[in-house]
Amino acid sequence: MSEFWDDEPHIQAQLQVVRNTIEQTVATAHGFIRPILEDHVNSTGKMLRPALVLITSMIGDEDRSEDAIRVGSVIELIHLASLVHDDIIDGAQKRRGRASVFAKVGAKQAVLAGDFLLARALMLTSGKERGMDSQIVSRALTRLCESELDQDAGQGDFFIDRSTYLRRIGGKTASLFALSCYSGAALQEIDDATNKLAHHIGYCMGMAFQIQDDILDYIGSSKKLGKHTGGDVKSGIPTLPLICALEIENELDKHELKSVLTDRKIPLDQRTTTKVLSLVEELGGIQKAQFLAESYRKRALEEIHRLGNPEVERMLTSLFEKLSARSV
Ligand code: FPP
Ligand code: MG
């Protein structure tokens, strides 16, 4: 388990149970796919999604830890399945510094391996979770798929507007963060307003998290990220630093970045990628993106306070601080 949760031993202990649940689930896979899936689930990182379920399940007075562990395992399995599928779509050889499932077994088997994780996730649910609305679960997964479809269809188009980008990351990342916070709160069966508030907190956290992730692709150290900086732009995926830089350039009535990216074949070559990275930085695209990430962070922190539970507030705020300080 990563040392990320060392300062929250209670959450760390429960995450260990989530991890065991996932390992037991994967141990039921057959044949040669089992060790490959075991390796994939063993490389789980901070386990943010189940941690959010666990923390938000403490909003009320009831002990819902058992349910929260199960629901957290379900959401983490869905996340792990989506990563297996994502690596096929991206043709990614690596995941968290290790060979991806796709790299090990090829696309056909990897699709099925991801489907297996999804099927097992469903098996862990009881069908009717306390206070949880299955429509909200379905909507989150639908958004996850739609955003990938949208991103894939638009690959190579660098000139998307901010709202398209925000919609994409809303589906790709914030949807599962929102679902996690919603689920934890719903397990307490308090009221709809609390569930909605928790959902929105998760959404804002996910947005801030993904924007920061996208910024790190422009400035992060390639060794820590386990991949090279500039990977997004190289593969034709416009993210916030680039979109902001193009906005600024347009306001300044300049055109250099725009012309570097016009009618480009993807993947971009290394020279073009390096040029784009430096222009985005010079134009202030990274700073502007950081500003937007900060506004989501602020919004989430205000809403966390409105939950009215000091211990949950402390844990979510401290999680936010740790995430904001991350460079991976
Ligand atoms: C990683 O993004 C991708 C995701 C978080 C979502 C992928 C979703 C799907 C493939 C839809 C499948 C849905 C289900 C329910 C299985 P990234 O490529 O930007 O980040 P990376 O650097 O981690 O690959
Ligand atoms: Mg990917």
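Structure: see above.
This write-up is about the structure you can find in this document. The shown structure was predicted, so the numbers you read here are calculated from the model rather than taken from an experiment.

So, on to the nonpolar core. In terms of nonpolar packing, the biggest core is built from 97 residues, with Trp5, Ile211, Val233, Leu242, Leu257 and Val276 touching the most fellow members. The element contributing the most residues to this core is helix H7 (residues 162–187), with 12 residues. Residues within four places of Leu242 in sequence aside, it is in contact with Phe158, Tyr218, Val233, Leu257, Leu261, Val276 and Val280.

The next point concerns the packing of aromatic side chains. Tallying each qualifying case throughout the model produces two aromatic pairs. Ring centres of Phe4 and Trp5 lie 5.3 Å apart, and the angle between their planes is 80°; this geometry places the pair in the edge-to-face category. With respect to burial, Phe4 and Trp5 carry one shared label: buried. Centroid distance Phe177 to Phe209: 5.3 Å. Interplanar angle 35°. Geometry classified as tilted. With a gap of 32 residues between them, Phe177 in helix H7 and Phe209 in helix H8 (residues 192–219) connect regions that are remote in the sequence.

The next thing to look at is the coordination of the magnesium ion (ligand 2). The protein atoms donating to the magnesium ion (ligand 2) are Asp86 (OD) and Asp90 (OD), with metal-donor distances spanning 1.9 to 2.1 Å. A residue pair is termed a helical-turn pair when its members lie 3 or 4 positions apart in one helix, as Asp86 and Asp90 do in helix H4 (residues 65–90) at four residues. Residue classification places Asp90 among the partly exposed residues on the basis of a relative accessible area of 43%.

Quick look at a negative patch on the surface now. A grouping of Asp61, Glu62, Asp63 and Glu66 is seen on the molecular surface, where their side chains present a negatively charged patch. Along the chain, Asp63 turns up in the loop between helix H3 (48–56) and H4. Judged by relative accessible area, Asp63 falls into the exposed class, the value being 63%.

Where H4 meets helix H5 (residues 101–124), the closest approach of the two axes is 8 Å, and the angle between their N-to-C directions is 160°. The angle between H4 and H5 falls in the class roughly antiparallel. Crossing of H4 over H5 shows left-handed handedness. Residues Arg70, Ser73, Val74, Leu77, Ile78, Leu80, Ala81, Val84, His85, Asp87 and Ile88 of H4 form the contact with H5, whose own contacting residues are Val101, Phe102, Ala107, Ala110, Val111, Gly114, Asp115, Leu117, Leu118, Ala121 and Leu124.

Position of Thr194 relative to the elements: it lies in helix H8. Taking relative accessible area as the criterion, Thr194 reaches 15% and is therefore assigned buried. For Thr194, the contacting residues outside a window of four places in its chain are Ile59, Ala185 and Leu307.

Quick look at the pattern of salt bridges now. Overall, the coordinates contain 18 salt bridges when judged by the stated rule. For Glu23, the salt bridge goes to Arg19, with nearest N and O atoms at 3.9 Å. Of this pair, Glu23 and Arg19 both sit in helix H1 (residues 9–26), separated by four residues, roughly a single helical turn. By relative accessible area, which is 31% here, Glu23 ends up partly exposed. The partner of Lys288 in a salt bridge is Glu247, with the nearest N and O atoms 2.8 Å apart. Here Lys288 is found in helix H14 (residues 285–306), whereas its partner Glu247 is found in helix H11 (residues 240–251), with 41 residues between them in sequence. Connected through shared salt-bridge partners, Glu8, Glu311 and Arg314 make up one network.

Calculation criteria
- Residues numbered from 1 in each chain as written.
- Chains lettered and ligands numbered in written order.
- Predicted model: local features only at pLDDT ≥ 70, side-chain atom pairs only at ≥ 80, totals over all residues.
- Heavy atoms only, no water.
- Core = buried A, V, L, I, M, F, W, Y, C linked by side-chain atoms within 4.5 Å.
- Buried < 20%, exposed > 50% of the residue type's maximum accessible area, 1.4 Å probe, protein only.
- Helix = DSSP H or I, 4+ residues; strand = E, 2+ residues; numbered from the N terminus.
- Contact = heavy atoms within 4.5 Å.
- Phe/Tyr/Trp six-rings, centres within 6.5 Å; stacked < 30°, edge-to-face > 60°.
- Donors = N, O, S within 2.8 Å, 3.2 Å for Na, K, Ca; no water.
- Patch = residues over 30% accessible without salt bridge, like charges linked within 9 Å, V, L, I, M, F, W, Y side chains within 5 Å.
- Areas by Shrake-Rupley, 256 points an atom, 1.4 Å probe, with all protein chains shown as cover.
- Salt bridge = Lys/Arg side-chain N within 4 Å of Asp/Glu carboxyl O.
- Lys, Arg positive; Asp, Glu negative; His and termini not counted.
- Charge placed at Lys NZ, Arg CZ, Asp CG, Glu CD.
- Axes fitted to C-alpha atoms, helices over the stretch in contact; angles between N-to-C directions.
- Parallel < 35°, antiparallel > 145°, perpendicular 65-115°, else oblique.
- Left-handed = near helix turned anticlockwise from the far one by under 90°.

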